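# Structure at a glance
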Amino acid sequence: MTSASALPAGFIDLTVLQTIPLSGLNRDGDGNPKSVVVGGITRARLSPQAVKRPVRRHIERALPAEAAVRTRRLIHEIRDILVSEHWGEENTELAEFAALDVFAAASGGMKVGSASDDDSAPGDGAKTKDPLATAALIYTPATTPARLATEAARFRTEYENALKAGTGAKAKGGGKSKKNTTIADPAAMAGWLAESNGTIALLGRTLMEIGGADRDACVQVASAFTTHEAIIEVDFFVAVDDYAAATAGIPDVGQMGDSQQTNGTFVRYATINVRALVAAVDGDAELARRLCQAFIEGFVNTLPTSGQTNSAVWTLPDLVHFAARDDRPVNLSSAFDKPVRGGHDGHAEPSIHALAAYAQTIERLTGGRGLVKAVHAYTDTIPLPGLGDNVDSYDQAAADILDAAFGSAK
């Protein structure tokens, strides 16, 4: 185990400039591209939540042992595991009864049964009651449902008897009770839903309904925005009715409408609190390094997936800049308080040089205090002053900054 204070750096800053073609990757409640006013000019925006989800999915694919699930359907999953791995489909009612009971025991009686959006229900914004849905999203290691199902399976006889007699947590309607009415033993599962793993330690968790479950995130992700003024484009579309098109004299327009989209060069920023992460994984610096590597890879290589079917904007960054710092993070996106004027040169190249110039200014103002190492890779090979070492690839930049933060890998 490694003491967090012994690490060479405390933070890794990630700055990415990326040109995204016409799309609607992140939309507001009206279905329009999200926007923000920066420097008095309207910019297109990507929210932190939209950026983080594909990064989280990347981390879980890269480190499957650290996978986690965020769901209100934990009881459904426990029931399904009991059916598929323990008792068979003929005992689905028993499995549901047991799943409710074991969850009530593990959660201390968290409220169950809540309304949720139902796309199949008539009317706009219709709600439906799900008697197995938890009132709050549960964010837990992916192994938790199977673990709870295995515990429930131990009490099959007791559940069969209780189901016949109409007793137990389900009969009481779930929820909190003044006394324990569960068949499963709460003491045996104390703290199970508060347990963490690498992904939860990295990304944090808010779960006030479970005592001791909250975890401070070790990463922070900023809203991404265009380095220049954003123009909203209206994309008019017509869907053709194939049968009508094949019949003479019948209009072939089956549906028409429009959507709003935008494009531009975005500045994306995130920072990792390396020392806090090492402490959160109980001093396992090797695991912390792998989590940081997976986060960096995901941040560089993923984009929000909304609207990708109609736009396919799978671009890669024009520039990545990583900085290992010992004192505090530094977000360089203030370089674009004054919007970039692209003209015939586009927006990516002047954005790159604006970022480098601002980084030089910050280094001058701080005297380089706290900066352990900086590195960059971009669409040219000429080193950019202010952004540290120039390397040939994103992967090399990531490896160099991880060595700077954790010490050279052996």
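Each residue is numbered by its place in its chain's sequence as written, counting from 1. Totals for whole chains, interfaces and linings use all residues, but because this is a predicted model, local features are given only for residues with pLDDT of at least 70 and pairs of side-chain atoms are given and counted only at 80 or more. The side-chain figures draw on all heavy atoms in the structure; neither hydrogens nor water molecules are used.

## Some thoughts on the overall build of the chain
- Each helix is a run of H or I in the DSSP string that is no shorter than four residues. Each strand is a run of E no shorter than two, and both are numbered from the N terminus. Assigned secondary structure in the chain consists of eleven helices and 14 strands.
- Viewed in the frame of its principal axes, the chain has a C-alpha envelope of about 80 × 75 × 35 Å.
- Split into buried and exposed, the 410 residues of the chain put 47% on the buried side.
- Of the contacts formed within the chain by residues at least 6 apart in sequence, a portion of 74% connects residues at least 24 apart.
- Charge counting follows a simple rule: Lys and Arg are positive, Asp and Glu are negative, and His as well as the terminal groups are ignored. The atom standing in for a charge is NZ when the residue is Lys, CZ when it is Arg, CG when it is Asp and CD when it is Glu. Each charge class in the chain was averaged separately, 39 positive and 50 negative side chains, and the resulting centres sit 8 Å apart. Only protein chains enter the calculation, and the probe is 1.4 Å; a residue is then buried if its accessible area is under 20% of its type maximum, exposed if over 50%, and partly exposed in between. Here, two residues are considered to be in contact whenever any of their heavy atoms come within 4.5 Å of each other.

## Structural notes on the pattern of salt bridges
- In the sections that follow, a salt bridge refers to a side-chain nitrogen of Lys or Arg positioned within 4 Å of a carboxyl oxygen of Asp or Glu. Summed over all chains, the structure comprises 13 salt bridges.
- Two residues, R56 and E60, come together in a salt bridge whose shortest N-O distance is 3.0 Å. Here the residue R56 and the residue E60 both occupy positions in helix α1 (residues 48–62), the gap between them amounting to four residues, near one helical turn.
- Using a relative accessible area of 8% as the deciding quantity, one classes E60 as buried.
- In this structure, E195 and R147 form a salt bridge, with 2.7 Å as the shortest nitrogen-oxygen distance. Here R147 lies in helix α4 (residues 144–153) and E195 lies in the loop between α5 (156–165) and α6 (198–203), a separation of 48 residues in the sequence.
- Salt bridges linked by common partners bring R56, R57 and E60 together as one network.

## What about the pairing of strand β13 (residues 371–378)?
- One requirement defines pairing of two strands: DSSP has to find at least two bridges between them. Pairing of strand β12 (residues 319–325) with β13 involves seven bridges; the strand directions are antiparallel. Across the sheet, H321 pairs through a bridge with H376, a residue of β13.
- Two strands pair when backbone bridges link them, and β13 and strand β14 (residues 389–390) are joined in this way by two bridges, in the parallel orientation. Directly across from V375, in β14, lies its bridge partner D389.

## Describing α4
- Three or more residues of α4 are buried, namely T144, P145, L148, A149, E151 and A152. Down the axis of α4, the smallest arc covering the buried residues is 160°, so these residues share one side.
- Buried residues belonging to α4 abut α2 (74–87), α3 (92–107), β7 (138–141) and α5. The arc refers to the directions leading from the helix axis to the C-beta atoms.

## A short note on the packing of α1 against helix α9 (residues 285–301)
- α9 packs onto α1 with a crossing angle of 130° between their chain directions and a minimal axis gap of 8 Å. Between α1 and α9, the interaxial angle falls into the category oblique. Like other packed secondary-structure pairs, α1 and α9 cross with a definite hand, here right-handed. Contacts from V51, V55, H58, I59 and A62 of α1 reach α9 at L291, A294, F295, E297, G298 and F299.
- When its residues are assigned to classes, the contact of α1 with α9 shows eight nonpolar, two polar and one charged. All axes here are fitted lines through C-alpha atoms, helices being fitted over the stretch that makes contact, and every angle between N-to-C directions spans 0 to 180 degrees. Roughly parallel here means an angle under 35 degrees, roughly antiparallel means over 145, roughly perpendicular means 65 to 115, and every remaining angle is called oblique. Each crossing is labelled by how the near helix is turned from the far one, with a counterclockwise turn of less than a right angle marking it left-handed and a clockwise turn marking it right-handed. Throughout this entry, Asp, Glu, Lys and Arg are counted as charged residues, while Ala, Val, Leu, Ile, Met, Phe, Trp, Tyr, Cys and Pro are counted as nonpolar. The remaining residues, Gly among them, count as polar.

## A few points about the confidence of the model for the chain
- The pLDDT value tells you how sure the predictor is about a given residue, anywhere from 0 up to 100. Counting all residues, the mean pLDDT for the chain is 90, and 92% of those residues have values of 70 or more.
- This stretch, residues 171–179, has a pLDDT under 50; its non-local contacts, to residues over four places away or in other chains, come to nine contacts.

## Topic: the nonpolar core
- In this text, buried Ala, Val, Leu, Ile, Met, Phe, Trp, Tyr and Cys residues form a nonpolar core when linked through side-chain atoms within 4.5 Å. I272, L277, F295, I296, F322 and F406 are the most contacted members of the largest nonpolar core, which totals 56 residues.
- Apart from the residues within four sequence positions on either side, I272 is in contact with G10, F11, I12, L202, C218, V219, C292, F295 and I296.
- Of all hydrophobic cores here, the second largest spans 36 residues; its members include L74, V102, F103 and A149.

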